[in-house]
Amino acid sequence: MPPAHPFDTSFLRDTGDDDKLKEECGIFGVIGVAEAANFVALGLHALQHRGQEAGGIVSHHPELGFQSARRFGYVRDNFTSQSVMETLKGPLSIGHVRYSTAGSKGQTAIRDVQPFFGEFAMGGAAIAHNGNITNANALRRELIERGSIFQSSSDSECIIHLMARSLQRTIPERMEDALRRVEGAFSVVAMTRTKLIGVRDPLGVRPLVLGQVGDGWVLSSETCALDIIGADFVREIEPGEMVVITDKGVESHFPFRPRKPRFCIFEHVYFSRPDSILGGRSVYETREAIGRELAKESPVEADLVCPVPDSGTPAAIGYSLESGIPYAMGIIRNQYMGRTFIEPTEQIRNMGVRLKLNVNRALIEGKRVILVDDSVVRGTTSRKIKEMILDAGAKEVHFRIASPPTAWPCFYGVDTPQREKLLAATMSEDEMRDHLQVDSLKFISLDGLYRAVGEAKGRNPKQPQYCDACFSGEYPVEPADMVEQGFEMKAAE
């Protein structure tokens, strides 16, 4: 099948060259401003890194009612159109950018694109979800047996059906009721005719923040999306918290049984934008600290420290500052890789990474190079980058990875390959070094990563401060659907 747009990078996913874990989704909501959907479109643009497959916006106008638009592709290609935005009137709006983690991966149907909408006895409601419901299959079976008719393959639709079956009187109460049945990770923004609602699951795996713009309020996956609309950051929504925002202000309560929070540590490493703030910490500064920690743990004699753009850049700067080895842009990213109009022939496909990255030969030739990247998943990209660096005349290539080995799949809203396709699941660090054919390969330790994110004593093995299941295999919520399908959990030590 040819890609939807000639030469879209989706074909790289199919060939295994696009070797990064896929960001989950981005959610954004605004209440109390004129033309709220315009603010939502800007916010989604800032969250585009969290999902590039599709996006959707729902708005409500007191006279026109609920309106929605769902489109494939980038926000800039869809929600900058005046003809589209004119159909999304009103002072209340929510939106979602999607990368499929459940449902038809790579073959998204328009019915899978959020926000989802439901009409209830007390009025309509729309909901957008970031994360993954780990008991969605069981819930879906139960709901279908009781007469629910599903329109999409998304796990998030379960929430709407659970709300429809709730006996509670108000929509926020029905949402509480529904979310108590849900397992896994969820940050949710939702809206009724008069309310903007935000919820985080009890573990707080996925981020959600509250902002203020003029007399209005904003909910967003990340603080960088507040910046784009000139909103002030107020605070993070707490794990297990539900906020209901109306023209009277923000009401907060905690409907779930309290649990020790387990925020996703990979948000610090890769998913979040470096200009966002997480847990009161600058993501950029955390990534620089990861690089410094990596330099302390795994020094090596070399001439240059080069990032694998763009996600390896802050860590590479940190490594350079700590080691004293000069930092250099040895690899240049083609910023316009999104699409071209060349037919993707087999020869073009085989170019793979070279379409996105090019080596700065004048800098690299004759040098011992340290390449800093955020992760190694399948290893296909790492191997191709190494070949490019050697082709440019590098004397030595040393990989330094700003996360521990990714040895386990994520079931909380990240599209991770099956475990057997993860390089670290089947190989030791030395075996990975030989497989990649590099002079050395070192990952930051799990304790080192914890120190870099502000935990001075490292990881607490009895009660980890973060969700780090993709590194440790210790899942804070059992992935019930996957276990039912045969997934083997890590044996207790």
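Rules and cut-offs
- Residues numbered from 1 in each chain as written.
- Predicted model: local features only at pLDDT ≥ 70, side-chain atom pairs only at ≥ 80, totals over all residues.
- Heavy atoms only, no water.
- Buried < 20%, exposed > 50% of the residue type's maximum accessible area, 1.4 Å probe, protein only.
- Helix = DSSP H or I, 4+ residues; strand = E, 2+ residues; numbered from the N terminus.
- Arc of directions from axis to C-beta.
- Contact = heavy atoms within 4.5 Å.
- Pairing = 2+ DSSP bridges.
- Axes fitted to C-alpha atoms, helices over the stretch in contact; angles between N-to-C directions.

Draft legend 1. View of helix α5 (residues 136-145). Looking at α5, one finds that the buried residues are A136, L139 and L143. Each buried residue of α5 lies within a common arc of 65° when the element is viewed along its axis, so the set occupies one face. Packed against the buried residues of α5 are β6 (123-133), α6 (157-165) and α19 (480-484). One or two positions beyond α5, positive phi appears at G147, with a value near 110°.

Draft legend 2. Molecular detail of the sheet that holds strand β10 (residues 216-220). With antiparallel pairing, 7 strands are arranged side by side in an open sheet as β3-β2-β4-β1-β10-β9-β11. Among the strands making up the open sheet, the edge pair consists of β3 (65-72) and β11 (232-236). Averaged over neighbouring strand pairs, the angle between their axes works out to 15° when direction is ignored. Sheet topology places strand β9 (residues 209-213) next to β10; 5 bridges connect them, and they run antiparallel.

Draft legend 3. Inspection of the pairing of β6 at higher detail. In terms of residue burial, β6 counts as a mostly covered element, since 11 of its 11 residues are buried. One ladder, built from 5 bridges, connects strand β5 (residues 116-120) with β6; its direction is antiparallel. Bridging across to β6, E119 finds its partner in G124. Connecting β5 to the next strand, β6, in antiparallel fashion are 2 residues. In this structure, β6 lies alongside strand β7 (residues 184-191), joined through 8 bridges in antiparallel fashion.

Draft legend 4. Inspection of the sheet that holds strand β20 (residues 368-373) at higher detail. Pairing within the open sheet is parallel, and its 4 strands lie in the order β17-β20-β21-β22. Strands with a single pairing partner mark the edges of an open sheet, and in this sheet they are β17 (304-307) and β22 (440-443). The average undirected angle you get between the axes of adjacent strands in this sheet is 20°. Pairing analysis gives 6 bridges linking β20 to strand β21 (residues 396-401), with the strands arranged parallel. By the bridge assignment, R368 is partnered in β21 with E396. Here helix α11 (residues 313-323) sits on the sheet and contacts β17, β20 and β21; the angle it forms with β17, its principal contact strand, is near 165°.

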